[in-house]
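# A structural walkthrough
Take a look at the letters that make up each chain.
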Amino acid sequence: MIPAILRAQWLSMRFSRLGSGRRGAVLAIVFAAFWYGIWSLLAVVTEFFAASLPRWYIETWLPVGLLAVFLYWQLMPMASASMGASLDLRKMLVYPVPRGSLFLVEVLLRVTTCGELLLVLTGLGVGLLRNPALGGWPAVSRVTLAIVIFAAFNLFLAAGLRNLIERLLNRRGIRELLALVMMLVAVLPRLLLVTGAPFHRFEPLLPAARNAIWPWTDAARWLLMGFPAGGSLVLWTAAAWVFGQWQFTRSLKFDIEAAQADLTPAKERTWTAGLYRLPSLVLPDPLAAMVEKELRSLARTPRFRLVFVMGFSFGLIVWLPMTLRRGRHSGVSDYFLTLVSMYALTLLGQVTYWNAFGFDRAAAQIYFLAPVSLRRVLAGKNVAAAIFIFLEIAAVSLVCAVLPLGIPPAKIGEAFLVTAIATLYLVGIGNLGSVTYPRAMNVHRVSAGGARGRAQGLVFIFYPVALLPIFLAYLARYAFHSQAAFYAALTGAAALGMAIYYMATESAVSAARTQREAIIGQLSRGEGPMVTE
Amino acid sequence: MSDSPAIAVHGLRKVYGDKAAVDGLDLTVPRGCFFGFLGPNGAGKSTTIRMLTGLVPPTGGAIELLGMRLPEQELAIKGRIGLVPDESLLFDRLTGGEFLEFVGRMYGLPRAVALERAASLLGLFELRESRKLIAEYSKGMRKRVAMAASLIHHPDLFLMDEPFEGVDAVGARLMKDILLDQVRRGATIFLTSHVLEVVERLCDRVAIIDKGRIVHEGDMNDLRAGTESLEDVFVRVVGAEREFHELEWLR
C-alpha cells in the first residue's frame, strides 16, 4: 500500500513539477542545488569541527548544537509557513489502508522538511567518527544508532506537531492568534536578550537545560559514550511516536468543513461591505469589479489572512529587538519601518502577486471567457494586492506610532515611497510569473507557502535584481550625504519601475494569449494523495 | 448580419500530440435553434465548446459565431455568449449574489443594473441564501449559479456543457423552462448532455460526434417521426453495441 500511495503521488507531481517545460525543471533543480549546496557546506564545516576539536569542547557544545538542530527541525517549518508534504487524509479515508501504514508514510514525508538537517547530522556523525579522541571508527554503530534515534524522535514529534497545528490553523478564530503565539515563541529569547531583560533570574534554569533528561543532551551523551546514556532519548522517542500517532488519528477524524462552518460572511458588518465597495468610487468597471472581487475573496481566504497577520507581526517582532538595543545606535532603527514594510511586501507576494491566479484555480477561466482584456484583469489584481500591501504598512506604522520608537514622519513617508516603488517592480515581475508558472493554491492549507520550486527560484533570481535601483538610491544618499540625491535616484527607480511594470505586464498578457490552455490546465490540476507545499 | 448562422464551423481541428481530439469538424447552427451536441465520453464535445469560447486555440479550421470571426473579434463575441461549463467555474470565496454581480459588471453592465439582475436571478433560481459562500454550495446549487451567471448579460448564444448534471428534478425543470424561453425570444442554445431523453425533448436539431468527427446530424422532428429513439440512433452511430464480457473474478 505504501509504495502505491507514493507512486500515485509521484505520478501526480510529475507534471506539475517537471512536466510543464524544460526551463521550469532546470530552474527547480538549480534552486534545489543552491539550497542543499549551502547545507552541504555547513555539513562539511560541522564534520571538520567535530573531527578536530578536543573532547571537552565537544562535550560542552554538542548538546547545544543538537538543541539548535531540534529547534530548527520543529520551529522552522512553522516560522517559514511551509510544512512540506503530507497526506491529504480526506482522499485516503475511502481506502482500506491501515492507519499504521498511513502514519508511516506521514513520517517519511516529514523528511521533506528536514533534508538539510539530515545532511548536517551526517556531517556531525562522520566528524565524530574521524575524531580519535572520541573512539574513532569502531564507534560507528553507536554513533549511527544515536543519530538515527535522534532523527526518529524529531520526525515523530514534527509529524505530531504538524497535525496538531494544521488542525488548529483550520479553526477560525484561533488561527491568527496561534500564528502570533508561534512567532512570539520563536523570537522571544532574542527580544529578551536585546532589551536587557533580567536574564540572571533565569540562570538557575541553565543546569536543568543541560540535564540528561532532555533528548538533545542525552543524544549528545549517547554519541560520546554509548548506551545506556541514551535511555531518556529512547523514552522521548517512544513518547514522540505515541504523540505523533495520537495526533495523526485525531487529524483523520478532523472535519475541516465543520471547523470552518462559520466561514459564511453572514455576520459581515455593513461597514466592511462598504469598504469593499470603495474602489468603485474611484475606478471604472471592469477594473473596479475585479478589485472588489479580489478584496472580498482574499479577505475570506484563511491562508491569505494568516500570511497578512504574519506580514506585519513577524516583521515587527523580528526587527524590533534590533531597534530597541540599549545604549547603541543601530543602523536598523533608521530603516526599521522600511525593512518591515519590505518584509511584508515579500511575504504577501506568495498569496497575491507571485501566483495571482492561484486561489482562483480553475475558475480563472472566467477571465478568459469574459469580454475583458487580461491586462485589465491583472491590473485589478495588482491594485487589490497594492491595497493590502499598504494596509499592512499602515498597520505597522500605527504600531510604531504607539510604541516609543521615535520614528519621524519623514521615515514613515520614506517607507511608503520605497515600498510603492518596490511594489511596481515585484508586481510587474509577478504578473509575468503568474502566467508563466501558474499553480493552483489550496485555500485550506493555511500553513503552506504559495511560492515553491520554480516560483521560489524566480523570486530568488529576480528579487535582488528588482530591488537594485532602490538599493542604488540608498547608496546615493550614503555616498553624497544628500537627501536630494536619494530622492533623485528614487525618482529614477520609480520611472524604471513603471517601465518594467508595463513591459512585464505586456509580456504576461502576450504570453497568456498564446499559453491560455496551458495556464488553465495548470490551475485546474488536482492534487495527488498528498499535499506537497 | 442577423442572417448569418449562430455557429458556423469549418474544418475545425484540435490535435494533442499525435491524437486528434477534434478532426475536421463542419457544423452550422442556425439562429434561434436549440441544438444538441452529443457524443460518447472523450468524443471531443468539451474540446469543441472550449474552442468555440476561445479557451482553446484550434489547430486548424475556422470559427464564426453570430457572424463574427474568432479569434479576430474575440471580445465582441464573448460579450454576446453565455457559457455554462462542464465544471462550475465559480469563485468560491464570493456569495452567489456577489458572484453574479461581478460577472454582470465584467460583461459591461452598470453596477446598479448588475446588482438588480443578480438579485432577480437569485430569486428565479431559488438561491435566496445569498449570504452563503459558494464554497459551501452543493453541486446542484453551483450549477444554478453558473446558469444564472450565463443569463445575466442577456446573451444571444448559449454554450452549455452538461448543464443539468447534478441538478435535482425541480431545478432541472426550472432550467429547461428558462432555456426554452430564451429560444422563444430568439437566442440560440448549443447544448451537450449525456441525458438523451432531455435532448430528445428539448432540441430542434442534434449532431453526434465520435472520435472528433460528426457521425450523424439531423432534425429532431424527423427522428420523432421515425421508429428509432435518439438512444437507438446514438448507440448505432457510435458503434457502442458491444458485447458484454463477464470478468471471471467478478462473478
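Computed from a predicted model, the values in this text were never measured in an experiment.

Criteria and thresholds
Residues numbered from 1 in each chain as written. Chains lettered and ligands numbered in written order. Predicted model: local features only at pLDDT ≥ 70, side-chain atom pairs only at ≥ 80, totals over all residues. Pairing = 2+ DSSP bridges. Helix = DSSP H or I, 4+ residues; strand = E, 2+ residues; numbered from the N terminus. Axes fitted to C-alpha atoms, helices over the stretch in contact; angles between N-to-C directions. Buried ≥ 20, exposed ≤ 12 C-beta atoms within 10 Å, placed from the backbone. Right-handed = clockwise from strand over helix to strand, strands pointing away. pLDDT = per-residue confidence, 0-100. Contact = placed C-beta atoms within 7 Å. Nonpolar A, V, L, I, M, F, W, Y, C, P; charged D, E, K, R; others polar. Expected span 1.5 Å × (residues − 1). Parallel < 35°, antiparallel > 145°, perpendicular 65-115°, else oblique. Left-handed = near helix turned anticlockwise from the far one by under 90°. Core = buried A, V, L, I, M, F, W, Y, C linked by C-beta atoms within 7 Å.

### Notes on the sheet that holds strand S3 (residues 34–38) of chain B
All names here are of chain B. Reading across the sheet, the six strands line up as S6-S7-S8-S3-S9-S10 and stay open at both edges, with mixed pairing between neighbours. The open sheet terminates on both sides in strands that have one partner only, identified here as strand S6 (81–84) and strand S10 (213–219). Adjacent strand axes in the sheet meet at a mean angle of 15°, parallel and antiparallel pairs treated alike. One ladder, built from three bridges, connects S3 with strand S8 (residues 188–192); its direction is parallel. When the bridges of S8 are listed, Gly-36 appears paired with Leu-191.

### A few points about the pairing of S8 of chain B
Residue and element names in this part refer to chain B. In terms of burial, S8 is a largely internal element, five of the five residues being buried. Both faces of S8 are covered, namely the face carrying Thr-188, Phe-190 and Thr-192 and the face carrying Ile-189 and Leu-191. Relative to S8, strand S7 (residues 157–161) runs parallel, the two sharing five bridges. Looking at the pairing, Phe-158 lines up with Ile-189 of S8. Between S7 and its parallel partner S8, the chain crosses via helix H6 (residues 169–184), and the hand of that crossover is right-handed.

### Description of the confidence of the model for chain A
Residues and elements named next belong to chain A. The predicted model of chain A averages 77 in pLDDT, with 70% of residues at 70 or higher. Ranking the helices and strands of chain A by mean pLDDT puts helix H15 (residues 287–299) first, with 91, and strand S2 (residues 530–532) last, with 50. A low-confidence stretch, residues 446–453 stays under pLDDT 50, and its non-local contacts, those more than four residues away or across chains, total 35 contacts.

### A look at the interface of chain B and chain A
When the parts of a complex come together, some accessible area is lost, and that lost area is often used as the size of the interface. At the interface, 28 residues of chain B touch 26 residues of chain A. Elements represented by at least two residues in the side of chain B that touches chain A include exactly helix H2 (74–78) and helix H3 (96–106) of chain B. Among the elements that make up the side of chain B that touches chain A, the one with the highest residue count is H3 of chain B (four residues). Split by residue class, the side of chain B that touches chain A holds 14 nonpolar, five polar and nine charged.

### Quick word on the pairing of strand S2 (residues 19–29) of chain B
Working note: regular strand, side chains alternate between the two faces of the sheet. The pairing of strand S1 (residues 7–16) of chain B with S2 of chain B spans eight bridges and is antiparallel. Looking across to S2 of chain B, one finds that Ala-8 of chain B is bridged to Thr-28 of chain B.

### Quick look at helix H5 (residues 139–151) of chain B
Residue and element names in this part refer to chain B. Over its 13 residues, H5 extends 19 Å from the first C-alpha to the last, a length consistent with the 18 Å expected when each residue adds 1.5 Å. Counting buried positions along H5 gives 11 out of 13 residues, so the element sits mostly inside the fold. Buried residues of H5: Met-141, Arg-142, Lys-143, Arg-144, Val-145, Ala-146, Met-147, Ala-148, Ala-149, Ser-150 and Leu-151, and no others. Taken together, the buried residues of H5 touch S6, H3, helix H4 (111–124), S7 and H6.

### Notes on H3 of chain B
Burial runs high along H3 of chain B: 11 of the 11 residues are buried. Residues of H3 of chain B that are buried: Gly-96, Gly-97, Glu-98, Phe-99, Leu-100, Glu-101, Phe-102, Val-103, Gly-104, Arg-105 and Met-106 of chain B. Each element contacted by the buried residues of H3 of chain B is listed here: H15 of chain A together with H4 and H5 of chain B. Just downstream of H3 of chain B, Gly-108 of chain B is the residue with a positive phi angle, here 90°.

### Observations concerning unusual backbone geometry
At the junction of Asp-285 of chain A and Pro-286 of chain A, the peptide bond is cis and its omega measures out at 5° in the coordinates. Mapped onto the elements, Pro-286 of chain A comes out in the loop between helix H14 (279–282) and H15. For Glu-162 of chain B, which is not glycine, the phi torsion reads 50° and is therefore positive. Of the residues examined, Glu-162 of chain B has 20 C-beta atoms within 10 Å and is grouped as buried.

### Things to note about the packing of helix H18 (residues 336–349) of chain A against helix H21 (residues 409–436) of chain A
Residues and elements named next belong to chain A. For the pair H18 and H21, interaxial distance at closest approach is 9 Å and the crossing angle is 25°. The angle between the axes of H18 and H21 places the two elements in the roughly parallel class. For the crossing formed where H18 meets H21, the hand is right-handed. Here Leu-337, Thr-338, Ser-341, Met-342, Leu-345 and Gly-349 of H18 come into contact with H21, specifically with Lys-411, Ile-412, Glu-414, Ala-415, Val-418, Thr-419, Ala-422, Thr-423, Leu-426 and Gly-430.

### Regarding the sheet that holds strand S4 (residues 60–65) of chain B
All names here are of chain B. Pairing within the open sheet is antiparallel, and its four strands lie in the order S2-S1-S4-S5. Lying at the two open borders of the sheet, with one neighbouring strand each, are S2 and strand S5 (68–70). Neighbour-to-neighbour, the strand axes of the sheet open up by a mean angle of 25°, direction not taken into account.

### Observations regarding the nonpolar core
One finds Ala-344 of chain A together with Phe-99, Val-145 and Phe-190 of chain B to be the most contacted residues of the largest nonpolar core, which totals 145 residues. Among the nonpolar cores identified, the runner-up in size contains 43 residues, and Cys-114, Ile-147, Leu-223 and Leu-224 of chain A belong to it.

### Regarding the environment of Val-105 of chain A
Residues and elements named next belong to chain A. Mapped onto the elements, Val-105 comes out in helix H5 (residues 99–110). Since 21 C-beta atoms lie within 10 Å of it, Val-105 is described here as buried. Residues Val-105 and Pro-438, spaced 333 residues apart in sequence, show a C-alpha to C-alpha distance of 28 Å.

### As for the confidence of the model for chain B
Mean pLDDT over chain B: 86, with 95% of residues reaching 70 or higher. Interface predicted TM-score (ipTM) for the complex: 0.84; the corresponding pTM is 0.75.

### So, the packing of H3 of chain B against H4 of chain B
All names here are of chain B. Put simply, H3 and H4 touch, their axes get as near as 8 Å, and they point 135° apart. Considering their axes alone, H3 and H4 lie oblique with respect to each other. The crossing of H3 and H4 is right-handed. Contacts from Gly-96, Gly-97, Leu-100, Glu-101, Gly-104 and Arg-105 of H3 reach H4 at Arg-111, Ala-114, Leu-115, Arg-117, Ala-118, Ala-119, Leu-121 and Leu-122. Along the lines of polarity and charge, the residues of the contact of H3 with H4 split into seven nonpolar, three polar and four charged.

### Overview of the environment of Leu-202 of chain B
Residues and elements named next belong to chain B. In this fold, Leu-202 is placed in helix H7 (residues 196–202). Distance in space between the C-alpha atoms of Leu-202 and Arg-13 is 28 Å, their sequence separation being 189 residues. Residue contacts for Leu-202: discarding those within four places in its chain leaves Phe-34, Lys-176, Leu-179 and Leu-180.

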